[in-house]
Amino acid sequence: MNLSDSQTGGPVPRRVSAMEAVLTHLRGAIERGAYAIGDKLPSEAELCRTLGVSRPVLREALRALQTMGLTASKTGKGTFVVALSVEDPTFGDYTAGDLMEVRRHIEIPVAGYAAQRRTPEDLDRLTHLLERMEQETDTTSWVALDTLFHLSVAQAARNPVFRRVIEEIRDALARQSAFLNELGGRREQSDREHRALLDALVAGSEHDAVRAMSHHLDRVGTTLTDIVRSAHTPTAADA
């Protein structure tokens, strides 16, 4: 059994990472009932050997299972199943549902205020950040730039309360961003959405900025929903 080289189906297949393949396999096993609530997953060494993947890849998949709320890790004891279906992923201290609710109520009006109040320095900073994002190939670096971009939009709104709120959820935003990029292939689409927002800020259009941020958060929400609801797709490893 080897999950290190998989592809999704469809007219334009998107190459699936080894981590995604492992996650799909383990999530499917849990949702099919191969493991009951309270059961311990096989050891990392055993899973690496069985699935034919490296330990770093396996650990990424195990972290994703925990984010989805399917498992919990107990130091020195292993990983245990705590749920049989995905309900609401958790990013740091916040669930996806709570995070998205706050983002819609904060970041959409923030975009409108930023379009009215941004300075040339704000636009220079956002332009530089987005150019770096569009050229970045490392996921971790891209995620850091992504959160900084959203923080800089809040700063451009010239209201310290908005910036403080984004600072408070910054870690959760980074975790959510990494999750969506790894499992939803969101990076290029997100870059385009950020570009539309920046164009609106440059033009000073409150209407277009609000619309661009609304669209961006809609796409984030849709991708989250797709990941949560995705049915287990059998692979050769499940045969």
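Thresholds, definitions, all that
Here the residue numbers are simple positions, counted from 1 along each chain's written sequence. Thresholds applied to this predicted model are a pLDDT of at least 70 for local features of residues and 80 or more for the giving and counting of side-chain atom pairs; totals over whole chains, interfaces and linings are not thresholded and use all residues. Side-chain calculation: all heavy atoms of the structure are included, whereas hydrogens and water are not. Salt bridges, as used here, are contacts in which a Lys or Arg side-chain nitrogen is within 4 Å of a carboxyl oxygen on Asp or Glu. What counts as a helix is a DSSP run of H or I of at least four residues, what counts as a strand is a run of E of at least two, and both are numbered from the N terminus. Throughout, exposure labels follow a simple rule: accessible area from a 1.4 Å probe, protein chains only, divided by the maximum for the residue type, with under 20% read as buried, over 50% as exposed, and the rest as partly exposed. Pairing of aromatic rings covers Phe, Tyr and Trp, the last counted by its six-membered ring, and requires centre-to-centre distances within 6.5 Å; plane angles under 30 degrees mean stacked, over 60 mean edge-to-face, and any other angle means tilted. Lining residues are those with an atom within 4 Å of a point, where the points come from a 1 Å grid over the protein atoms alone and group into cavities, where a 1.4 Å probe fits but cannot get out, or pockets, open sets with protein on both sides within 12 Å along at least five of seven lines. Grid points are joined across faces, edges and corners, and a volume is the space filled by probe spheres set on the points. Note that Gly is not counted as nonpolar here; it falls among the polar residues with everything else outside the nonpolar set of Ala, Val, Leu, Ile, Met, Phe, Trp, Tyr, Cys and Pro and the charged set of Asp, Glu, Lys and Arg. Here, axes are lines fitted to C-alpha atoms. For helices the fit covers the stretch in contact, and angles between N-to-C directions go from 0 to 180 degrees. Convention used here: angles under 35 degrees read as roughly parallel, angles over 145 as roughly antiparallel, angles from 65 to 115 as roughly perpendicular, and any remaining angle as oblique. Crossing chirality is assigned from the near helix's rotation relative to the far helix, an anticlockwise turn below a right angle marking it left-handed and a clockwise turn marking it right-handed. Residues are treated as being in contact if the distance between any of their heavy atoms lies within 4.5 Å. Nonpolar cores were defined as sets of buried Ala, Val, Leu, Ile, Met, Phe, Trp, Tyr and Cys residues, with membership established by side-chain atoms within 4.5 Å.

Examining the pattern of salt bridges
For step 1, the next point in the chain: In the structure shown here, the tally under the stated rule is 13 salt bridges.
For step 2, the next point in the chain: With a closest N to O distance of 3.1 Å, Arg125 and Asp122 form a salt bridge. Taken together, the residues Arg125 and Asp122, both in helix H5 (residues 120–135) and three residues apart, mark about one turn of the helix.
For step 3, the next point in the chain: A relative accessible area of 31% means that Arg125 is categorised as partly exposed.

With respect to the packing of aromatic side chains
For step 1, the next point in the chain: Applying the stated criterion across every chain yields a total of two aromatic pairs.
For step 2, the next point in the chain: Their ring planes at 70 degrees and their centres at 5.3 Å tell us that Phe91 and Phe179 sit as a pair that is edge-to-face. Of the two residues, Phe91 sits in strand S5 (residues 90–91) while Phe179 sits in helix H8 (residues 170–184), which places them 88 residues apart along the sequence. Both residues of the pair, Phe91 and Phe179, belong to the buried class.

Side note on the layout of surface pockets
For step 1, the next point in the chain: Estimates place the volume of the second largest pocket at around 480 Å³.
For step 2, the next point in the chain: Lining the second largest pocket are 17 residues, and of these Glu60, Arg63, Arg175, Ala178 and Phe179 lie nearest its centre.
For step 3, the next point in the chain: At the level of elements, helix H3 (55–67), S5, helix H6 (139–156) and H8 are the ones that each hand at least two residues to the lining of the second largest pocket.
For step 4, the next point in the chain: The element contributing the most residues to the lining of the second largest pocket is H8, with six residues.
For step 5, the next point in the chain: The residue inventory of the lining of the second largest pocket, partitioned by class, reads eight nonpolar, five polar and four charged.

Considerations on the packing of helix H9 (residues 187–203) against helix H10 (residues 206–229)
For step 1, the next point in the chain: Running from amino to carboxyl end, H9 crosses H10 at an angle of 165 degrees, the nearest separation of the two axes being 8 Å. Relative to H10, the element H9 is oriented roughly antiparallel. Pair H9 / H10 crosses with left-handed handedness. Each of Gln189, Ser190, Glu193, His194, Ala196, Leu197, Ala200 and Leu201 in H9 lies in contact with H10, whose residues at this interface are Asp208, Ala209, Ala212, Met213, His215, His216 and Arg219.

Thoughts on the nonpolar core
For step 1, the next point in the chain: Core analysis: the largest hydrophobic core is formed by 68 residues, its most contacted members being Leu197 and Leu201.
For step 2, the next point in the chain: At nine residues, the largest contribution of residues to this core is made by helix H4 (residues 96–117).
For step 3, the next point in the chain: Apart from residues lying up to four places away in sequence, Leu201 is in contact with Ala111, Ala114, Ala115, Arg118, Leu123, Leu126, Val153 and Ala209.

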